[in-house]
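Structural features, examined
So the chains spell out like this:
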Amino acid sequence: MSIEARIAGFVREAEPDDDTLDIMRLALFDWAVCAIAGQREPVACILRDHALAEAAQGPAAIVAGGTAAPSRAALINGATSHALDYDDTHFAHIGHTSVAVVPAALALARDVDLGSVIKAALIGSEVAVRIGLWLGRDHYQVGFHQTATAGAFGAAMAASRLLGLSKPQMITALGLAATKSSGLKSQFGTMGKPLNAGLAAETGVLAAQWAAAGMSSSETGISGALGFGETHHGAADKAAFDDMGSRWLMRDVSHKFHACCHGLHAMLEALSGAGGHVQSATIQTHPRWMSVCNNPAPKTGLEAKFSYRFTAAMALSGIDTAAIANFNDAMTVDPALVALRDRIEVQEDAMLTEMQARVALQMADGSTRDLFHDLNAPISPSTRQERLTQKARAVIGRALAEDLWQAVASGDLSRLTTLLQRPSC
């Protein structure tokens, strides 16, 4: 059986357990917080203004107001929710799942309740993670952005589940997504990175709609000869699908508690244990992150989100890296921060996992400190919810955060949509 057929069967038949649905419910809440907070970002405003300037509207809600065709709304909302780079990450997928999948599901939420949207988004996210594993590290290392590539397939399957497509139609949607999905790591540090998330969501909606309308495609558009995997440096690791349906990899999704690239978070969590005046520091990280978030001398707030040296200097100077506003252009030229940045060295260590970091501090008094953190350390559901609630209150304010959580927790899709459409700019 092809992996396309296996995926389609899973999407048609999967019934997630309550604990995993609870994790996706938190992911939806976190996605909504990031989308509301990101609506003022230039990429969000450009896409939204462009859509609203067109005469055509549609049934799908746009974050910050207005409506559009489902594919256009998915594009805008996906990019908006990834604009701040504060959304969840799955390290097996090597990318961000919610920003590609949730906008596609919400764009097609017609005559369904929020519970159905959450279930479809979870199933689509699981597919994105599995395809990310199947593509493997080489696909990412050669320059493809898996949020956009694997994410597009997850978005297509979430959309297909909500549209009630047959198994053959889902296989078609996967084939259509295979010929349309794209996204490059060269866009990191620019507006092109959040756009990648929007493009994945748009691709998913269109692929499902086209399949529903009767368009045909290769039945092995992902896994076949000259298919997506072969042409995009995929490892084609079939073991990635072995336990699909019996084990949910989305239970291991990682949420951000710092407003920067997730590759920096193990280091920043380790530095939470730092104290006193630091003279210099040496950071050790997995080699993969060296090409992702090791900008040695960022010149903009956006570039700073991809810099070990600069975010470490911020943390060591007592600057809150959870506060989005602190990642601004003026911060990158602050003389004290630049001086400390230049005393920080970043090294790769293949013995570390992609979720670990080690930091050696040389203190001003001559003493040394060794710090370590592993993002794979278990986090209880209650702790996850507590930290996400704290993040939401800090990002969008206590009142809106609590209103938003009530809408998600109670399954009130109408209220959630209203809150998402409320403009803050």
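Right, let's walk through the structure included here. For clarity, every value in this text was computed on a predicted model and none was experimentally measured.

Where helix 8 (residues 167-180) contacts helix 9 (residues 192-213), the axes come no closer than 8 Å and their chain directions differ by 135°. If you check the angle between helix 8 and helix 9, you find them oblique. In this structure, helix 8 crosses over helix 9, and the sense of that crossing is right-handed. Seen from helix 8, the contacting residues are Gln 169, Thr 172, Ala 173, Leu 176, Ala 177 and Lys 180; seen from helix 9, they are Glu 202, Thr 203, Leu 206, Ala 207, Ala 208, Trp 210, Ala 211 and Ala 212. Residue composition of the contact of helix 8 with helix 9, by class: nine nonpolar, three polar and two charged.

Looking now at the sheet that holds strand 5 (residues 356-363). The four strands lie next to each other as 4-3-5-6, forming an open sheet whose pairing is mixed. Only two strands of the sheet have a single neighbouring strand rather than two, namely strand 4 (344-348) and strand 6 (368-374). Pairwise comparison of adjacent strand axes, ignoring direction, gives a mean angle of 15° for this sheet. As defined by bridge partners, strand 5 adjoins strand 6 across seven bridges and the pair is classed as antiparallel. Residue Gln 356 lies in a different strand from strand 6, and its bridge partner there is Asp 374. Contacting strand 3 (278-285), strand 4 and strand 5, helix 13 (residues 308-316) crosses the sheet at an angle of about 130° to strand 4.

This part takes up empty space enclosed by the protein. Any empty space left between atoms is shown by rolling a water-sized probe over those atoms. Enumeration according to the criterion identifies one cavity of 30 Å³ or more in this entry. Lining the largest cavity are 17 residues, and of these Ile 94, Gly 95, His 96, Tyr 140 and Trp 289 sit closest to its centre. Of the residues contributing to the lining of the largest cavity, the split by class is seven nonpolar, eight polar and two charged.

This part covers helix 1 (residues 3-13). Counting buried positions along helix 1 yields eight of eleven residues, so the element is predominantly enclosed. Taken together, the buried positions of helix 1 are occupied by Ile 3, Glu 4, Ala 5, Ile 7, Ala 8, Gly 9, Phe 10 and Val 11. Those residues of helix 1 that are buried are in contact with helix 6 (114-141), helix 7 (149-163) and helix 8.

In this section: helix 13. Most of helix 13 is tucked away: eight of the nine residues are buried. Residues of helix 13 that are buried: Tyr 308, Arg 309, Phe 310, Thr 311, Ala 312, Ala 313, Met 314 and Leu 316. Residues of helix 13 that are buried in the fold lie against helix 11 (265-271), strand 3, helix 12 (301-304), helix 14 (335-341), strand 4 and strand 5.

When the charged atoms of two side chains with opposite charge come close together, those side chains can pair. A complete count under the given rule lists 21 salt bridges for this structure. With its nearest N and O atoms 3.1 Å apart, the salt bridge here joins Glu 126 to Arg 130. Placement of the pair is Glu 126 and Arg 130 together in helix 6, with a separation of four residues, close to one helical turn. The closest approach of N and O atoms between Asp 243 and Arg 247, which form a salt bridge, is 2.7 Å. Assessed through its relative accessible area of 43%, Arg 247 is described here as partly exposed. Salt bridges here are not isolated pairs; linked through shared partners, they connect Glu 126, Arg 130, Asp 243 and Arg 247.

Within this model, the largest pocket holds a volume of roughly 610 Å³. Looking at the largest pocket, it is lined by 28 residues, and the ones nearest its centre are Val 253, Ala 377, Pro 378, Ile 379 and Arg 384. Breaking the lining of the largest pocket down by element, the ones donating at least two residues are helix 2 (18-38), helix 11, strand 6 and helix 15 (381-396). It is helix 2 that provides the largest number of residues to the lining of the largest pocket, a total of five residues. Here the residues of the lining of the largest pocket sort into eleven nonpolar, eight polar and nine charged. Approximately 310 Å³ is the volume found for the second largest pocket. What lines the second largest pocket is a set of 18 residues, among which Glu 41, Pro 42, Ala 83, Leu 302 and Lys 305 lie closest to the centre. Considering only residue class, the lining of the second largest pocket consists of ten nonpolar, four polar and four charged.

Before going further, it helps to spend a moment on the packing of aromatic side chains. Counted according to the given criterion, the structure contains five aromatic pairs. Aromatic pair Phe 91 and Trp 289: ring centres 6.0 Å apart, planes at 85°, arrangement edge-to-face. Of the two residues, Phe 91 is situated in the loop between helix 4 (70-82) and helix 5 (98-107) and Trp 289 in the loop between strand 3 and helix 12; the sequence distance between them amounts to 198 residues. Assessed through its relative accessible area of 5%, Phe 91 is described here as buried. Geometrically, the ring pair formed by Phe 153 and Phe 228 is edge-to-face, given 5.2 Å between the ring centres and 85° between the ring planes. Here Phe 153, found in helix 7, pairs with Phe 228, found in helix 10 (residues 228-231); they are 75 residues apart in sequence, far enough to count as distant. With respect to class, Phe 153 is no different from Phe 228; both count as buried. Seen from the ring of Tyr 140, Arg 288 lies directly overhead, with NZ or CZ sitting 4.8 Å from the centre. The positively charged end of Arg 288 is found above the aromatic ring belonging to Trp 289, 4.0 Å away from the centroid.

The rules behind the values
- Numbering of residues starts from 1 in every chain and runs along the sequence as written.
- Where local features are concerned, this predicted model is filtered to residues with pLDDT of at least 70; where side-chain atom pairs are given and counted, the filter is 80 or more; whole-chain, interface and lining totals use all residues.
- For side-chain calculations, the full set of non-hydrogen atoms in the structure is used, while hydrogens and water are omitted.
- Between the N-to-C directions of two axes lies an angle of 0 to 180 degrees, each axis being a line fitted to C-alpha atoms and, for a helix, fitted only over the stretch in contact.
- Only DSSP runs of H or I covering at least 4 residues are called helices, and only runs of E covering at least 2 are called strands; the numbering of each starts at the N terminus.
- Throughout, the term roughly parallel applies to angles under 35 degrees, roughly antiparallel to angles over 145, roughly perpendicular to angles from 65 to 115, and oblique to all others.
- Crossing chirality is assigned from the near helix's rotation relative to the far helix, an anticlockwise turn below a right angle marking it left-handed and a clockwise turn marking it right-handed.
- The contact criterion used throughout is that any non-hydrogen atoms of two residues lie within 4.5 Å.
- Amino acid classes used here: Ala, Val, Leu, Ile, Met, Phe, Trp, Tyr, Cys and Pro are nonpolar; Asp, Glu, Lys and Arg are charged; the rest, including Gly, are polar.
- Any two strands with at least two DSSP bridges between them are considered paired.
- Put simply, the grid is 1 Å and covers the protein atoms alone, a cavity is a trapped set of points that fit a 1.4 Å probe, a pocket is an open set with protein on both sides within 12 Å along at least five of seven lines, and lining residues have an atom within 4 Å of a point.
- Grid points are joined across faces, edges and corners, and a volume is the space filled by probe spheres set on the points.
- Only protein chains enter the area calculation, which uses a 1.4 Å probe; residues under 20% of their type maximum are buried, those over 50% are exposed, and those in between are partly exposed.
- Note on definitions: salt bridges are taken to be side-chain nitrogens of Lys or Arg within 4 Å of carboxyl oxygens of Asp or Glu.
- Centre distance within 6.5 Å is the pairing criterion for rings of Phe, Tyr and Trp, where only the six-membered ring of Trp is used; planes under 30 degrees apart are then read as stacked, over 60 as edge-to-face, and the remainder as tilted.
- Placement of a positive charge over a ring is assigned whenever Lys NZ or Arg CZ falls within 6 Å of the ring centre and within 35 degrees of the normal to the ring plane.

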